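# Structural overview for review
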Amino acid sequence: MARRRRRFPGIFITLEGIEGSGKSTQAKRLGAHLRALGYRIVETREPGGTPLAEKIRAVLLDRTAEPFAPETEAFLVFAARRQHVTQVIEPALSRGAIVLCDRFNDSTLAYQGSARGLDLASLERMNGLATDELEPDLTLLFDLPAKTGLARRRRAAETNRLDRETLRFHEKVRAGFRSLARREPRRISLIDADRPEEAIARDVTQAVMPLLARTPRRKVRHAVR
Ligand code: TMP
């Protein structure tokens, strides 16, 4: 995989996993924890994170849409990502913030690659274009059986177009994520998400803390959201 070319003063952390893995809950907890410690935190998500990218998200997740060609799905994801990287992520990293991003380029490799069957090398090249080779400093991968995740998700909020894919689809997504974690063990921290929230949060803190040494804290009252 292409390596990040530029260094920013900030830290880029992504949270990945299948539906119902609890990553969004953990993102909120981590954000609150780091903010309370005095770090400047920007919490964001993909697809989305800017007004235009959120519009693309709505198109991507629309349950009533006509069937998507897998490539259409991928191009929409990349369009949203480029917008998000230029408008939100890079400026925040340049200001020295810690960016917590709920899903990023690994989701494309797992969903559009491993599950939809698009060529992984092509997706990686497109990811490189969409991000200008920006890569996370740390990726927290919340891993649990697809069946457990889907059951959680379907009990909770309204389901979207991708939630409604088959169990087999979500098993392929999980396998895709796990194979990325095997390939990049230094960047991707695999967290057993089939446990109580507190235990998962402890692992998250343990994975994140070593990165913080290089990031200055600031007055909590002025933390940037
Ligand atoms: P979520 O972030 O609320 O889980 O929903 C986002 C959905 O978008 C989820 O089903 C995964 C999907 N997705 C992709 O298929 N490819 C991507 O690159 C990203 C970021 C998300």
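In what follows, the accompanying structure is described. Being a predicted model, the structure only gives us computed values, none of them experimental.

Criteria and thresholds
Residues numbered from 1 in each chain as written. Predicted model: local features only at pLDDT ≥ 70, side-chain atom pairs only at ≥ 80, totals over all residues. Heavy atoms only, no water. Helix = DSSP H or I, 4+ residues; strand = E, 2+ residues; numbered from the N terminus. Buried < 20%, exposed > 50% of the residue type's maximum accessible area, 1.4 Å probe, protein only. Contact = heavy atoms within 4.5 Å. Areas by Shrake-Rupley, 256 points an atom, 1.4 Å probe, with all protein chains shown as cover. Phe/Tyr/Trp six-rings, centres within 6.5 Å; stacked < 30°, edge-to-face > 60°. Lys NZ or Arg CZ within 6 Å of the ring centre and 35° of its normal. Axes fitted to C-alpha atoms, helices over the stretch in contact; angles between N-to-C directions. Parallel < 35°, antiparallel > 145°, perpendicular 65-115°, else oblique. Left-handed = near helix turned anticlockwise from the far one by under 90°. Nonpolar A, V, L, I, M, F, W, Y, C, P; charged D, E, K, R; others polar. Arc of directions from axis to C-beta.

## Comments concerning the overall build of the protein
Along the backbone of the protein there are eight helices and five strands. Reading the secondary structure of the protein in the N-to-C direction produces β-α-β-α-α-β-α-α-β-α-α-β-α. Viewed in the frame of its principal axes, the protein has a C-alpha envelope of about 50 × 35 × 30 Å. The burial tally for the protein puts 50% of its 225 residues in the buried class. Across the protein, the fraction of contacts at a sequence separation of at least 24, relative to all contacts at a separation of at least 6, is 81%. Accessible surface for the protein amounts to roughly 10,900 Å². Of this, 53% is attributable to carbon and sulfur atoms.

## Notes on the packing of aromatic side chains
For the coordinates displayed, the defined rule picks out three aromatic pairs. Judged by centre distance (4.9 Å) and plane angle (85°), the rings of Phe12 and Phe104 are edge-to-face. Here Phe12, found in strand β1 (residues 11–17), pairs with Phe104, found in the loop between β3 (98–102) and α4 (105–115); they are 92 residues apart in sequence, far enough to count as distant. The exposure classification of Phe12 matches that of Phe104, with both residues buried. Aromatic ring contacts, followed pair by pair, group Tyr111, Phe169 and Phe177 into a single cluster. Above the face of the Phe104 ring, Arg81 is positioned so that its terminal group lies 5.2 Å from the ring centre. When the ring centre of Phe68 is taken as origin, the NZ or CZ atom of Arg161, which lies over that ring, is 3.7 Å away.

## Notes on the packing of helix α2 (residues 51–61) against helix α3 (residues 70–94)
One can describe the packing of α2 onto α3 by two numbers: an axis separation of 8 Å at closest approach and a directional angle of 160°. Comparing the axis directions of α2 and α3 gives the class roughly antiparallel. Between α2 and α3 lies a crossing of left-handed hand. Across the interface between the two elements, Leu52, Ala53, Ile56, Val59 and Leu60 from α2 touch Glu73, Leu76, Val77, Ala79, Ala80 and Gln83 from α3. Grouping the amino acids of the contact of α2 with α3 by side-chain chemistry returns nine nonpolar, one polar and one charged.

## Quick notes on the side chain of Asn127
Structurally, Asn127 is set in helix α5 (residues 120–131). Leaving out residues up to four positions away in the same chain, Asn127 has contacts with Phe78, Arg81, Asn105, Thr108 and Leu109.

## Things to note about α2
Listed as buried for α2 are Ala53, Ile56, Arg57, Leu60 and Leu61. Along the axis of α2, the buried residues cluster in a sector spanning 125°; they form a single face. Seen from the open side of α2, the exposed residues pointing more than 90 degrees away from its buried face are Pro51, Lys55 and Ala58. Close packing links the buried residues of α2 with β2 (41–45) and α3.

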